[in-house]
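# Breakdown of the fold
Residue strings, one per chain:
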Amino acid sequence: MRKIILGILALLIIGGAIYASKVIVDSKTAPKPRVKKEVKIITTDTITNSTVSIVIPANGNLQAKRRVELFAEVTGVFKPTGTLFKTGQGYSAGQSMIIIENSEFYAQVQSSRSNLNNQITAIMPDLRLDYPSSYAQWQSYLDSWDMNATTPALPQPVDDKEKYFITGRNIYTTYYNIKNLESRLGKYRIRAPFNGVLTEAMVTEGTLIRSGQQLGEFIQTGTYELQVAISSEFAGFLKLGESVELKNISDAKIYTGKVSRINGKVDQASQTITTVIEVKDDSLKEGMYLTANLDAQKIENAIEINRSLLQNENQLFAVEDGKLVLKTIQPVHFSDKKVVVKGLENGTVIITQSVPGAYEGMIVKTEEQAAQEKANQTETDQSAIK
């Protein structure tokens with residue numbers, strides 16, 4: 001009996017302990033977790049509408065505005081000129097660049113000159129008798145004759161009779177044959193057509209030059225052209241004489257050029273227009289790679305922003321009362337990284353960098369506000385320490 005009573009008491013004690021512990025556990029309420037609101041720190045800018053120039057970027061390699069490819073029209077040996085015919089050699093306008101041996105051909109020219117002189121001398125007695133009015137000018141022509149100089153033009157006949165007489169003696173035929181030979185004689189010496197530099201040399205002194213052979217290439221320095229392809233949609237905005245900013249590949253130096261030519265034909269494959277920009281600078285070299293920025297159009301009451309800031313192609317996040325709001329805008333022109341937009345009022349505060357996970361109504365604070373709050377907290381902490 002005693003064992004039974006003790007077993008019942010043990011069960012009661014255990015049950016009471018379990019009940020008591022359950023009551024104690026249920027009486028404790030867990031504290032609600034405090035949700036920490038994360039406030040994004042953003043960079044902003046205050047809008048001021050202005051006139052924005054639409055800039056068309058283009059690039060290409062410089063080419064000399066004036067270029068001459070040197071070809072031989074006669075055959076002979078390249079004689080020394082006193083200046084080496086080498087790449088990079090500079091020449092002044094009129095300076096001899098190439099002289100080809102012409103002694104044999106020169107003798108032929110002299111022989112023809114002598115023949116003409118003999119023909120004119122032979123008709124002088126007839127001119128004195130039959131055409132006395134013309135005798136003086138022909139005599140003066142003979143007296144001034146220089147066999148080593150270019151043959152001067154023949155005297156003009158006084159009348160048709162004299163003209164027929166001169167023609168019948170084959171004097172005009174001989175004269176024009178000589179002029180043809182003298183023209184060819186001049187091709188044995190190639191002179192620089194303008195101040196410039198030799199960019200390519202294909203022969204050297206002592207080389208046997210043949211007719212039709214290319215000898216080199218000569219360009220004028222200081223004035224160059226940049227040929228670029230511009231989208232046809234900007235055809236109406238391009239203007240001759242418009243200033244263009246040019247930069248080298250490292251953007252270390254800026255040059256100023258002008259639009260000198262605009263092709264009247266659109267390339268069907270690329271739908272672009274070839275535009276030529278002329279630039280003058282002694283530091284430039286042919287073949288240099290330059291980037292051009294052409295001002296195609298000016299947009300009034302607009303701003304230029306990064307394309308990454310656009311939302312849904314026609315919206316932009318602005319800041320009002322510490323929250324993000326979406327503003328509807330009108331994109332006007334897109335470039336690789338920028339977009340020109342209209343539709344924002346002056347004084348509107350917009351974000352200048354993309355905010356990950358941004359949404360309308362999101363609480364934000366500017367960098368200036370965050371810096372000010374941090375400064376105020378620092379002052380409070382310092383006061384508490386004191």
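Counting restarts for each chain, with residues numbered from 1 along the sequence as it is written. Predicted model: local features are reported for residues with pLDDT of at least 70 only, side-chain atom pairs are reported and counted for 80 or more only, and whole-chain, interface and lining totals are derived from all residues. Excluding hydrogens and water, the side-chain figures rest on all heavy atoms present in the structure.

## Some remarks on the overall build of the chain
When helices and strands are tallied, the chain shows 6 helices and 23 strands. Under the scheme applied here, a residue whose accessible area is under 20% of the maximum for its type counts as buried, over 50% as exposed, and between as partly exposed, the area being computed with a 1.4 Å probe on protein chains only. In the chain, buried positions account for 33% of the 386 residues. Sequence-distant contacts in the chain: of pairs separated by 6 or more residues, those separated by 24 or more amount to 73%. Only the protein chains shown count as cover for residues, with accessible areas throughout obtained via the Shrake-Rupley method and a probe of 1.4 Å. On the chain, roughly 24,200 Å² of surface is accessible, and the fraction owed to carbon and sulfur atoms is 50%. Helix numbers and strand numbers start at the N terminus; a helix is a DSSP run of H or I with at least 4 residues, a strand a run of E with at least 2. Residue contacts follow a heavy-atom distance rule, with two residues in contact if any of their heavy atoms lie within 4.5 Å.

## Description of the pattern of salt bridges
Between Lys or Arg on one side and Asp or Glu on the other, a salt bridge is scored when a side-chain nitrogen of the former is within 4 Å of a carboxyl oxygen of the latter. Summed over all chains, the structure comprises 11 salt bridges. Of the charged contacts in the structure, one is a salt bridge between E101 and K79, with a shortest N-O distance of 3.9 Å. One end of the pair, E101, is in the loop between strand 7 (96-100) and helix 2 (103-130); the other, K79, is in strand 5 (residues 76-79), with 22 residues separating them in the sequence. Overall, the relative accessible area of 33% leaves E101 in the partly exposed class. For R169, the salt bridge goes to D126, with nearest N and O atoms at 3.9 Å. In this pair, R169 sits in the loop between helix 4 (160-168) and helix 5 (171-185) while D126 sits in helix 2, placing the two residues 43 residues apart along the sequence. For R169, a relative accessible area of 39% gives the class partly exposed. If you follow the salt bridges from partner to partner, you end up with R67, E217 and E286 in one network.

## Some words on the sheet that holds strand 9 (residues 196-201)
Here a strand pair is declared whenever DSSP counts at least two bridges between the two strands. The sheet built from 4 strands is open, its strands ordered 4-11-9-6 with antiparallel pairing. Strand pairing shows two members of the sheet lacking a second neighbour, strand 4 (67-71) and strand 6 (90-91), which therefore form its edges. Relative to strand 11 (residues 214-219), strand 4 runs antiparallel, the two sharing 5 bridges. Bridge pairing in strand 11 places V68 opposite F218.

## Comments concerning the nonpolar core
Throughout, nonpolar core names a set of buried Ala, Val, Leu, Ile, Met, Phe, Trp, Tyr and Cys residues whose side chains join them through atoms within 4.5 Å. Grouped together as the largest cluster of nonpolar side chains are 28 residues, with contacts concentrated most on L226, I230, L246, I277 and L294. Every element with two or more residues in this core is listed here: strand 3 (50-64), strand 12 (223-231), strand 13 (243-248), strand 14 (254-266), strand 15 (272-280) and strand 16 (289-306). Within the second largest apolar cluster, 22 residues are counted, among which are I100, Y188, I190 and L198.

## Digging into the packing of aromatic side chains
Working definition: rings of Phe, Tyr and Trp (its six-membered ring) pair if their centres are within 6.5 Å, and the pair is stacked with planes under 30 degrees apart, edge-to-face with planes over 60 apart, and tilted otherwise. A full pass over the atoms with the stated rule returns 8 aromatic pairs. With a centroid separation of 6.2 Å and an interplanar angle of 65°, the aromatic rings of Y91 and F218 are classed as edge-to-face. Of this pair, Y91 sits in strand 6 while F218 sits in strand 11; the two residues are 127 residues apart in sequence, bridging distant segments of the chain. For Y91, a relative accessible area of 3% gives the class buried. Residue classification places F218 among the buried residues on the basis of a relative accessible area of 0%. Taken together, the aromatic side chains of Y91, F194 and F218 make up a single cluster linked through ring pairs.

## Some thoughts on the sheet that holds strand 7
Across the sheet, which stays open at both edges, the 4 strands sit in the order 8-7-5-10 with antiparallel pairing between neighbours. Two strands close off the open sheet at either side, each with one partner strand: strand 8 (189-191) and strand 10 (208-209). Pairing of strand 7 with strand 8 involves 3 bridges; the strand directions are antiparallel. For S96, the partnering residue across the bridge sits in strand 8 and is R191.

## Some words on the packing of helix 2 against helix 3 (residues 132-143)
Here, axes are lines fitted to C-alpha atoms. For helices the fit covers the stretch in contact, and angles between N-to-C directions go from 0 to 180 degrees. Closest axis-to-axis distance for the helix 2/helix 3 pair is 8 Å, and the angle between their directions is 155°. If you check the angle between helix 2 and helix 3, you find them roughly antiparallel. As helix 2 runs across helix 3, the sense of the crossing is left-handed. Contacts from N117, I120, T121, M124, L127, R128, L129 and D130 in helix 2 reach P132, Y135, W138, Q139, Y141 and L142 in helix 3. Lys, Arg, Asp and Glu make up the charged group, whereas Ala, Val, Leu, Ile, Met, Phe, Trp, Tyr, Cys and Pro make up the nonpolar group; the residues left over, Gly among them, are polar. Across the contact of helix 2 with helix 3, the residue classes tally to 9 nonpolar, 3 polar and 2 charged. Each angle is binned into one of four classes, with values under 35 degrees roughly parallel, values over 145 roughly antiparallel, values of 65 to 115 roughly perpendicular, and all other values oblique. Should the near helix be turned counterclockwise from the far one by less than a right angle, the crossing is left-handed, whereas a clockwise turn marks it as right-handed.

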